[in-house]
Amino acid sequence: MSTLEIRGLKVSVDTENGAVEILKGVDLTIKSGETHAIMGPNGSGKSTLAYSIAGHPKYNITGGTVTLDGADVLEMTVDERAKAGLFLAMQYPVEVPGVSVSNFLRTAVTALRGEAPKLRTWVGEVKGAMEALSMDPSFAQRNVNEGFSGGEKKRHEIMQLELLKPKIAILDETDSGLDVDALRIVSEGVNRAKESNNIGVVLITHYTRILRYIKPDFVHVFANGKIVEEGGPELADKLEANGYAEYVTA
Amino acid sequence: MTTLTTNYLTPTGREEAWRFTPLKRLGGMHDGTAIVADRHSLALNSASVPGVSFALLSAMDNAPISESDDVIVARIRDFAKEVAVLTIAANTEVAEPILLKRTPGALDSAEFSRVLIRVENHARATVIIENTGDTHLAEDLEISVGSGASLTLVSLQEWGSKSIHAGRQHAVVERDATFKSIVVTIGGSLVRLLPTVEFAAPGASCELLGVYFATSGQFFEHRMFVDHKVPNAKSRVNYKGALAGDQAHTVWIGDVFIRAAAEGTDTYELNRNLLLSDGARADSVPNLEIETGEIVGAGHASTTGRFDDEQLFYLMSRGINLADARRLVVRGFFNEIITEIGDEVIQTRLMDRIDDELAKAGA
Ligand SMILES: Nc1ncnc2c1ncn2[C@@H]1O[C@H](COP(=O)(O)OP(=O)(O)O)[C@@H](O)[C@H]1O
Ligand SMILES: [Mg+2]
């Protein structure tokens with residue numbers, strides 16, 4: 001049982017015109033097995049929240065705390081956060097030229113488990129994860145995210161979720177750029193990973209359609225750098241009908 | 001051939017060709033002060049195969065096949081009474097790479113070495129030259145690739161930290177022949193190589209690939225020259241370099257000359273440098289000279305950058321620590337060219353050496 005606790009999180013980025021505050025005090029608690037949907041308009045700061053928790057160097061934490069089972073996440077380096085059990089499926093996964101998916105995954109799992117996985121079982125694990133996401137076996141030999149289609153990038157992120165088995169996963173717009181079939185395949189992957197490892201999931205999304213496949217326990221509306229409304233799944237239905245207008249004009 | 005005396009040719013450092021090179025560190029190979037030893041360090045290091053011969057032959061019977069205005073080449077030619085000649089007979093297809101290796105030399109004297117690789121008409125081969133240990137070496141390596149022939153030449157500078165190596169690798173590529181060169185420079189104090197190509201007849205093509213990795217105090221210079229003097233030849237150049245540590249200095253010069261007669265030329269050259277720490281310096285100068293507009297294409301690009309924070313963040317967000325993430329990025333950067341060698345054992349050895357250098361540099 002793990003708990004990620006975000007309290008009063010304030011984050012700014014450096015711009016040509018000085019520091020700009022993007023997160024203005026975010027409170028959120030995620031426990032193992034729970035699914036939280038964070039929904040909000042573009043530019044409201046959803047990715048900033050995700051990156052700040054993962055430790056992207058671009059974001060300056062100006063206030064608040066983030067703890068995982070009591071441990072101070074903000075004090076950890078990026079790799080330490082992953083080792084502590086945090087995972088971020090990125091909205092825009094990064095190309096790493098010349099590094100094959102297979103080499104990348106083996107290096108990551110070795111780092112996370114503290115020892116190299118047994119070759120035979122590992123090859124089986126990767127093959128299984130790729131098949132479950134309807135990915136061609138040749139995928140493992142391609143360079144990380146290089147020349148991947150939008151859908152392939154998202155599958156690759158969710159394949160990592162299944163293989164790396166984090167405690168808490170933040171999925172940043174994993175649904176964007178996916179057609180209906182891909183959305184279903186990717187969603188099933190998330191549900192599988194969640195069930196087999198009791199992962200706590202933060203599902204960041206702009207649209208409600210992914211919530212047909214991944215059922216949230218809690219829905220948080222995010223606007224202008226903070227959570228402005230919270231509720232159960234029914235809140236998503238309200239957003240579906242009314243959009244974000246009432247939150248952004250406020 | 002040049003009629004100037006070698007004395008007259010002694011560079012001052014102001015010449016275009018020498019303006020980056022720290023002349024004081026050349027061991028006197030350029031100005032006649034080096035003690036030239038009677039050394040022949042190049043040896044065949046693979047099983048003999050039919051159609052392939054390697055022998056030390058008289059320089060008189062094996063005149064140079066190309067002209068050079070390089071002062072060190074001129075001095076080598078003045079001195080050398082013998083030439084190491086590797087011949088791949090016409091129509092021979094050599095399946096396994098032919099390995100040439102330099103046996104250990106010395107640091108108190110220099111070897112002035114002439115080498116000739118002759119790939120006769122329609123022959124095909126891969127030649128790998130391994131340079132290891134510490135030595136002072138001035139090298140005039142000439143390559144002739146006969147009509148319809150194909151040669152891949154891999155030149156590995158895995159020198160020890162005190163080596164000085166000034167070499168020219170000049171290929172004369174005949175009709176419909178292909179020449180591919182892969183240069184790897186990851187060891188030595190000073191390495192200055194001139195991979196140059198002269199297209200002798202139409203339909204010829206060349207691919208000049210290279211990687212170099214300089215750490216503290218090392219100077220590595222690679223100076224291409226591709227001479228498109230006949231129609232319908234194709235050239236590709238792709239060199240990648242990384243630098244780490246104080247006073248690491250690399251120079252890449254890509255001169256491509258498309259003469260008036262060279263209609264239908266297709267050329268592209270690329271140099272990318274990765275600066276892994278402060279205090280390192282990468283000079284990169286592509287230079288295209290075009291005398292005819294009737295060409296297929298001509299272009300060049302040169303970039304020098306640092307570690308990409310987004311790449312490091314992505315890798316680290318999966319639990320990989322900073323040092324390992326950097327190692328992956330550097331390996332990935334070089335991978336494109338190293339895998340072109342096509343020999344797993346050598347590729348692994350080179351990548352391990354790159355890892356070691358990176359670890360030593362603490363970048
Ligand atoms: N480097 C930056 N410089 C200036 N503004 C930035 C920078 N990075 C993000 N922002 C701003 O922060 C806000 C939140 O961005 P983001 O977290 O990506 O939103 P979301 O993911 O909700 O669409 C946006 O208004 C964006 O323009
Ligand atoms: Mg976003």
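Fair warning: this is a prediction, and the values are worked out from it, not measured in the lab. (Residues numbered from 1 in each chain as written. Chains lettered and ligands numbered in written order. Predicted model: local features only at pLDDT ≥ 70, side-chain atom pairs only at ≥ 80, totals over all residues. Heavy atoms only, no water.)

Colleague: Would you explain the sheet that holds strand 19 (residues 297-305) of chain B in this entry?
Modeller: Hydrogen bonding along the main chain pairs the strands of a sheet, whether they run parallel or antiparallel. All names here are of chain B. Strand order in the open sheet made by the nine strands is 2-5-7-9-11-13-15-17-19, with mixed pairing throughout. On the outer flanks of this sheet lie strand 2 (42-44) and strand 19, each paired with one strand and no other. The average angle at which neighbouring strand axes cross in this sheet is 10°, direction not considered. Inspection of the sheet shows strand 15 (residues 234-243) paired to strand 17 (residues 266-275) by ten bridges, in the parallel sense. Considered in strand 17, the bridge of Gly241 is made with Asn273. In the packing of helix 3 (residues 322-338) onto the sheet, contacts are made with strand 11 (178-187), strand 13 (205-214), strand 15 and strand 17, and the angle to strand 15 comes to roughly 155°. Packed onto the sheet, helix 4 (residues 344-361) meets strand 7 (124-133), strand 9 (150-159), strand 11 and strand 13 and runs at close to 35° relative to strand 9. (Pairing = 2+ DSSP bridges. Helix = DSSP H or I, 4+ residues; strand = E, 2+ residues; numbered from the N terminus. Axes fitted to C-alpha atoms, helices over the stretch in contact; angles between N-to-C directions. Contact = heavy atoms within 4.5 Å.)

Colleague: Can you walk me through the site of ligand 1 in this structure?
Modeller: Residues and elements named next belong to chain A. Near ligand 1 you find Val13, Thr15, Ile22, Pro41, Asn42, Gly43, Ser44, Gly45, Lys46, Ser47, Thr48 and Lys58, and these make up its full shell. Residue Gly45 places a main-chain N or O atom 3.0 Å away from an oxygen atom belonging to ligand 1. Here Ser47 contributes a backbone N or O atom positioned 2.9 Å from an oxygen atom of ligand 1. Across the complex, the protein chains shield 63% of the 560 Å² of accessible surface that ligand 1 would expose by itself. For the shell around ligand 1, the secondary structure elements donating two or more residues are strand 1 (3-15) and helix 1 (46-54). (Near = heavy atom within 4 Å. Polar contact = N/O pair within 3.5 Å; in protein donor to acceptor, adjacent residues only side chain to side chain. Areas by Shrake-Rupley, 256 points an atom, 1.4 Å probe, with all protein chains shown as cover.)

Colleague: How should the coordination of the magnesium ion (ligand 2) be read in this particular structure?
Modeller: Four donors placed tetrahedrally about a metal ideally form angles of 109.5 degrees, and six donors placed octahedrally ideally form angles of 90 or 180 degrees. All names here are of chain A. Protein ligation of the magnesium ion (ligand 2) involves Ser47 (OG) and Gln91 (OE1), the donor distances falling in the range 2.0 to 2.3 Å. Highlighted residues: Ser47 in helix 1 and Gln91 in the loop between strand 6 (86-89) and helix 3 (101-113), separated in sequence by 44 residues. A residue is classified by how much of its surface remains accessible, and Gln91, at 13% relative accessible area, is buried. (Donors = N, O, S within 2.8 Å, 3.2 Å for Na, K, Ca; no water. Buried < 20%, exposed > 50% of the residue type's maximum accessible area, 1.4 Å probe, protein only.)

Colleague: What is the right way to read the environment of His40 of chain B from this model?
Modeller: Residues and elements named next belong to chain B. As for its position among the elements, His40 is in the loop between strand 1 (36-37) and strand 2. Each C-alpha atom of the pair His40 and Thr339 lies 31 Å from the other, and the pair is 299 residues apart in sequence. With residues near it in sequence (within four places) discarded, His40 still touches Leu56, Glu82 and Glu111.

Colleague: How should the UniProt feature "domain: SUF system FeS cluster assembly SufBD core" (unreviewed entry) in chain B be read in this particular structure?
Modeller: Annotation from UniProt places "domain: SUF system FeS cluster assembly SufBD core" (unreviewed entry) at residues 109-333 of chain B. With 9% helix and 62% strand, residues 109-333 of chain B has its two end C-alpha atoms placed 37 Å apart. (UniProt positions renumbered as here; feature names shortened; annotations may be inferred.)

Colleague: Sorry, what's going on with the pairing of strand 11 of chain B here?
Modeller: Every other side chain in a regular strand lies on the same face of the sheet, so the side chains alternate between the two faces. Residue and element names in this part refer to chain B. The element strand 11 is extensively covered by neighbouring structure, given that nine of its ten residues are classed as buried. Of the strand pairs in this sheet, strand 9 and strand 11 are connected by nine bridges, and their pairing is parallel. By the bridge assignment for strand 11, Gln157 is matched with Thr185. When strand 11 meets strand 13, the two strands line up parallel, connected through eight bridges. Paired with Lys180 across the strands is Glu207, a residue of strand 13.

Colleague: Before we go on, may I ask you to explain the nonpolar core in this structure?
Modeller: As a rule of thumb, soluble globular proteins bury nonpolar side chains together. Ranked by internal contacts, the top residues of the largest apolar core, which has 115 residues, are Leu4 of chain A together with Phe334 of chain B. Considering every element that reaches this core, the biggest residue donor is helix 3 of chain B, with eight residues. Apart from residues no more than four positions distant in its own chain, Phe334 of chain B is found in contact with Val211, Tyr212, Phe213, Lys240, Gly241, Ala242, Met351 and Ile354 of chain B. One finds Ala84, Ile143, Leu151 and Ala177 of chain B within the second-largest nonpolar core, a separate group that totals 53 residues. (Core = buried A, V, L, I, M, F, W, Y, C linked by side-chain atoms within 4.5 Å.)

Colleague: Looking at this structure, how should I read the packing of helix 5 (residues 150-164) of chain A against helix 6 (residues 180-197) of chain A?
Modeller: In a packed pair of helices, the relevant descriptors are the angle between the two axes and the axis-to-axis distance. Residues and elements named next belong to chain A. The contact between helix 5 and helix 6 brings their axes to 9 Å, and the two run at 15°. One finds that helix 5 runs roughly parallel with respect to helix 6. Crossing handedness for the pair helix 5 and helix 6: left-handed. Side by side, helix 5 and helix 6 meet where Arg155, Ile158, Leu161 and Glu162 of the first sit next to Ala182, Ile185, Val186, Gly189, Val190, Arg192 and Ala193 of the second. (Parallel < 35°, antiparallel > 145°, perpendicular 65-115°, else oblique. Left-handed = near helix turned anticlockwise from the far one by under 90°.)

Colleague: I tried to follow the confidence of the model for chain B on my own but got confused; where do I start?
Modeller: Any region with low pLDDT has predicted coordinates that should not be read closely. All names here are of chain B. Per-residue pLDDT for chain B averages 95, and the proportion of residues at 70 or more is 98%. Confidence drops under pLDDT 50 across residues 1-7; counting only partners more than four residues distant or on other chains, this segment forms ten contacts. This prediction of the complex comes with two scores: 0.92 for pTM and 0.97 for ipTM. (pLDDT = per-residue confidence, 0-100.)

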